[in-house]
Amino acid sequence: MLNIKKVYSRGDTEIETYLIKKIKKGNQEAFENLLIHYKEYLYKIAYSYVKNKESALDIIQESTYKAWMNIHTLKNKTVFKNWITKILINTAINYIKKESKIVSLDEDTPLVYKESGISIEEKIDLYKAIDLLKPKYKSVKIEEISDILDLPINTIKIQLKRARESLSNILKEDYLSE
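Now for a quick tour of the structure.

Criteria and thresholds
Residues numbered from 1 in each chain as written. Predicted model: local features only at pLDDT ≥ 70, side-chain atom pairs only at ≥ 80, totals over all residues. Heavy atoms only, no water. Helix = DSSP H or I, 4+ residues; strand = E, 2+ residues; numbered from the N terminus. Buried < 20%, exposed > 50% of the residue type's maximum accessible area, 1.4 Å probe, protein only. Axes fitted to C-alpha atoms, helices over the stretch in contact; angles between N-to-C directions. Parallel < 35°, antiparallel > 145°, perpendicular 65-115°, else oblique. Left-handed = near helix turned anticlockwise from the far one by under 90°. Contact = heavy atoms within 4.5 Å. Nonpolar A, V, L, I, M, F, W, Y, C, P; charged D, E, K, R; others polar. Core = buried A, V, L, I, M, F, W, Y, C linked by side-chain atoms within 4.5 Å. Phe/Tyr/Trp six-rings, centres within 6.5 Å; stacked < 30°, edge-to-face > 60°. Lys NZ or Arg CZ within 6 Å of the ring centre and 35° of its normal.

Its identity is not glycine, yet Lys51 carries a phi of approximately 55 degrees, on the positive side. Among the structural elements, Lys51 can be located in the loop between α3 (28-50) and α4 (53-69). Judged by its relative accessible area of 53%, Lys51 is exposed. A positive phi is found at Asp150, a non-glycine position, where the angle reads about 55 degrees. Residue position: Asp150 is located in the loop between α8 (142-149) and α9 (153-177). Among the residues examined, Asp150 registers a relative accessible area of 58% and is labelled exposed.

A separate point is the packing of α3 against helix α5 (residues 80-100). The axes of two packed helices give the description: the angle between them and the distance between them. The interhelical angle for the contact between α3 and α5, taken along N-to-C directions, is 40 degrees, at an axis separation of 10 Å. Viewed along their axes, α3 and α5 adopt a mutual orientation that is oblique. Judged by the sense of rotation from one axis to the other, the crossing of α3 with α5 is right-handed. Contacts between α3 and α5 pair Phe31, Leu34, Leu35, Tyr38, Tyr41, Leu42, Ile45, Ala46, Tyr49 and Val50 from the former with Phe80, Lys81, Ile84, Thr85, Leu88, Ile89, Ala92, Ile93, Tyr95 and Ile96 from the latter. By residue class, the composition of the contact of α3 with α5 is 18 nonpolar, 1 polar and 1 charged.

Residues Leu34, Ile59, Phe80, Trp83, Ile84 and Leu88 are the most contacted members of the largest nonpolar core, which totals 28 residues. Elements that contribute at least two residues to this core include exactly α2 (12-24), α3, α4 and α5. The leading source of residues in this core is α3, at 9 residues. Contact partners of Ile84, with chain neighbours within four places excluded, come to Leu35, Leu42 and Ala67.

Applying the stated criterion across every chain yields a total of 5 aromatic pairs. Ring geometry for Phe80 against Trp83: centres 5.9 Å apart, planes inclined by 45 degrees, an arrangement best described as tilted. Of this pair, Phe80 and Trp83 both sit in helix α5, 3 residues apart, which is roughly one turn of that helix. What makes Phe80 buried here is its relative accessible area of 0%. Aromatic rings pair up to connect Tyr38, Tyr41, Phe80 and Trp83 into one cluster. Across the ring face of Tyr41, the terminal group of Lys81 is positioned such that the distance to the ring centre comes to 4.4 Å.

Below, the structure written as structure tokens:
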């Protein structure tokens, strides 16, 4: 097995390109090494979508399978991180859509449907979660988001502005009415 720490000491881009060439030839060990290098990064992204350890690991597993099965579609060998991130995000979104269709009722689940869809408890949880984020996670570069989502930078800026406005309105609604 390749020593990933030794291999990555030569430079990420050069080694990543080398490993991807081996992967495209069917070398599963090289694929495992590349995933080991990105495992923490992939877990953080998956967890940020589902907020559950087991679900995040399921998403990573499914994304890894999809990446292995479609590695031949990776055209630029230097963008593996962006490519697998996009697979992971799409897998997470599909997972959330699938899970949102499943409704389980227990003693603590209220049977009242809210039109807004967001309870006060959820808003408080959101504020707490944002406060707990380290500063480096609060400041992702727009260029990086653009690369990962394969969208123009101006589109990302507009979507972020709209999301902030929408989030602001959602969070203000119940606090103003109480």
